[in-house]
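What follows is the residue order along each chain.
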Amino acid sequence: MSERVVLVGYGPVGARLIEGLLPAVRDGRVNLTVIGAETHDVYNRVLLAEYAVGRADREGLDMGDRLVAEEAGVRFVLGMTVVGVDRDRQVVRLHDGIRVPYDRLVLATGARANVPTLAGLERAQRHRAARPANPAELDRGAAPLPRGVVALRDLADAEHVRAAVSAGQRIVVLGAGVLGMELALAAAEAGAEVVVAYHSAAPMNRTLDENGGRVLAAAATAVGVEMMHHARAESIVQRYDDHGQAWFDGLICADGKVLAGDLLVLSCGVAARTEVASIAGLATSTGVLVDGASRSWTDPHVFAIGDCAHVADPADAGEDGRVPGGPSGLVGPGWRQADRLAALLTAGDGSAAASASPALVAGAAASVAPVPVERPGVVMLKAEGIDVVAGGAVDADPFAPVHAAACHAPQVTLWADPARGAYVKLVTVDGVLTGFVSVGMPRTGAELTLLFERGSELPADRSSLLRLDAPDAGMAVVADPFAADATVCWCNGVSAGAIRDAVAAGEPTVACVKASTRAGTGCGGCVGRISELLAREVVPA
């Protein structure tokens, strides 16, 4: 008898799970139903900014193949919202009253953009504890965002930004994280007038140290982006058109400054969509609490993956009920969760593992899968002519006193040339690189990425790394950035060796490499490195 699996959420992580379950669907072991709130087929949200500024076409966002899945026997229910889950009867209830039974329920509901507490946006804020009667309000507040305000989380938002960029309008970006900076730089390059407002002293403050962020801000200013640091936004100003409709007209800051604009893009982080889990009475923290096998702490028949999943060990919960960590917010870990869960469900272990694992009630411990150790992440800013890469913990104070008796104390090396837009910070423990920032130093950044990934010791002469970007450096490097084991695609964990194997099998283009290895199908930040590797490997006839 086939196992009924219901997947709630049809985003990139959900699509990866579908792909992994297809063999079991085809041979009748799994009966899969996919419920999605959007009517669109799955698309890559990470690349929405690329589409919004005209760098990618609509087809370039598509992921997965729904027709192939349907032919295999997958049932898709799109444009529907889950408004109830009866875990005793194992039934999901949709907003039109239809009930879908399940043996295993998988939540891949993703995350939504945070709406800041600004005057003028109050009704658009979504309160997690609210239980609205209208299913459309599960994903927003009592009212939509005002006209001229978007969060760039879906295709409709991207179309608004695309229109503003095409018209050369003034765009105000609130928030200077990675996505906000990528959008601002790309929109400015495409001809829009852009101002970025952020509360911190420097942009990307969760990824870079303050000095690295200030060098990035100077580089952004040099290419036409207006950077407004320490800008505490308080409210929005609206104007009225000839039809009496209100539109965004400006952002008011605490010091009274008004940042006028035609479009406000909110880039203030995201929060996991946990409403379905809350409706079901599942344990949640910053996401749906699951163990290393993506199984709910509360119900062994329920799983969560992707941006809605908070992977943690129940033993780590504090006495106050707080659980450390949270959803990763990156597509790579979500894909790996989907792969592991597909293997679990298709191996016939889903039922056995579930029945062998009692529910975890009120934090009581049971046999749970250990939390997998994710490899340290590296953040790369996708921007033309501005090279920024960072990884690990970079907040160590370079001038903190180091006691002779201190073991394994971090050591910090700094090099800066702000006038030329270059900055490097290295954090090492016992000579091994544990964190780094590289701005305006592309070859040094590539070298540090490789050393960080391998957990390698730095050369005794740290300055040798800086010489990689010198005009007379030639091609000498400390380590080969395209060695067989060097990671090229971080989202999918694809090595240079795997790409070379694809090329040897007759895959000499980026498109073919994407199809055969999945490299470049996540955030897109590795496409340039794939092209460089192909240029080295493919010798013209």
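Structure shown above.
Residues numbered from 1 in each chain as written. Predicted model: local features only at pLDDT ≥ 70, side-chain atom pairs only at ≥ 80, totals over all residues. Heavy atoms only, no water.

A separate point is the overall build of the protein chain. Counting its secondary structure elements, the protein chain contains 14 helices and 27 strands. Out of the 541 residues in the protein chain, the part that is buried amounts to 48%. Sequence separation of 24 or more characterises 61% of the internal contacts of the protein chain that already satisfy a separation of 6 or more. Put simply, the protein chain shows about 24600 Å² of open surface, and 52% of that area lies on carbon and sulfur atoms. (Helix = DSSP H or I, 4+ residues; strand = E, 2+ residues; numbered from the N terminus. Buried < 20%, exposed > 50% of the residue type's maximum accessible area, 1.4 Å probe, protein only. Contact = heavy atoms within 4.5 Å. Areas by Shrake-Rupley, 256 points an atom, 1.4 Å probe, with all protein chains shown as cover.)

Once that is clear, we can look at the pattern of salt bridges. Scanning all chains against the criterion turns up 22 salt bridges. For Arg 55, the salt bridge is made with Glu 189, and the minimal N-O distance between the two is 2.4 Å. Taken together, the residues Arg 55 in the loop between helix H2 (48-52) and helix H3 (66-72) and Glu 189 in helix H5 (residues 178-189) connect sequence positions 134 residues apart. The closest approach of N and O atoms between Arg 295 and Asp 291, which form a salt bridge, is 3.3 Å. (Salt bridge = Lys/Arg side-chain N within 4 Å of Asp/Glu carboxyl O.)

Bringing the packing of aromatic side chains into the picture now. All chains considered together, the criterion is met by two aromatic pairs. Sitting over the ring of Phe 76, Arg 66 keeps its end group 5.7 Å from the ring centre. The ring of Tyr 51 has Arg 162 sitting right over it, with the charged end atom 4.3 Å from the ring centre. (Phe/Tyr/Trp six-rings, centres within 6.5 Å; stacked < 30°, edge-to-face > 60°. Lys NZ or Arg CZ within 6 Å of the ring centre and 35° of its normal.)

Strand order in the open sheet formed by five strands is E3-E2-E1-E7-E19, with parallel pairing between adjacent strands. In the strand order of this sheet, the two ends are held by strand E3 (75-78) and strand E19 (302-304), each with one partner. On average, each strand axis in the sheet is tilted by 20 degrees relative to the strand beside it, whichever way the strands run. Here three bridges tie strand E7 (residues 104-107) to E19, and the two strands are oriented parallel to one another. Its bridge partner being in E19, Val 106 is matched across the sheet by Phe 303. Together, strand E1 (3-8), strand E2 (30-36), E3 and E7 form the strand contacts of helix H1 (residues 12-26), whose direction differs from that of E2 by roughly 160 degrees. Helix H8 (residues 331-346) rests against E1, E7 and E19 of the sheet, and its axis sits at about 155 degrees to E19. (Pairing = 2+ DSSP bridges. Axes fitted to C-alpha atoms, helices over the stretch in contact; angles between N-to-C directions.)

The end-to-end C-alpha separation of helix H10 (residues 442-454) is 19 Å, in line with the 18 Å expected for 13 residues at 1.5 Å each. For H10, every residue scored as buried is listed here: Thr 444, Gly 445, Glu 447, Leu 448, Thr 449, Leu 450, Leu 451, Phe 452 and Glu 453. Looking at the buried residues of H10, the elements they touch are strand E21 (378-380), strand E22 (388-392), strand E24 (422-429), strand E25 (432-439), helix H11 (463-466) and strand E26 (487-489). Just downstream of H10, Gly 455 is the residue with a positive phi angle, here 65 degrees. (Expected span 1.5 Å × (residues − 1).)

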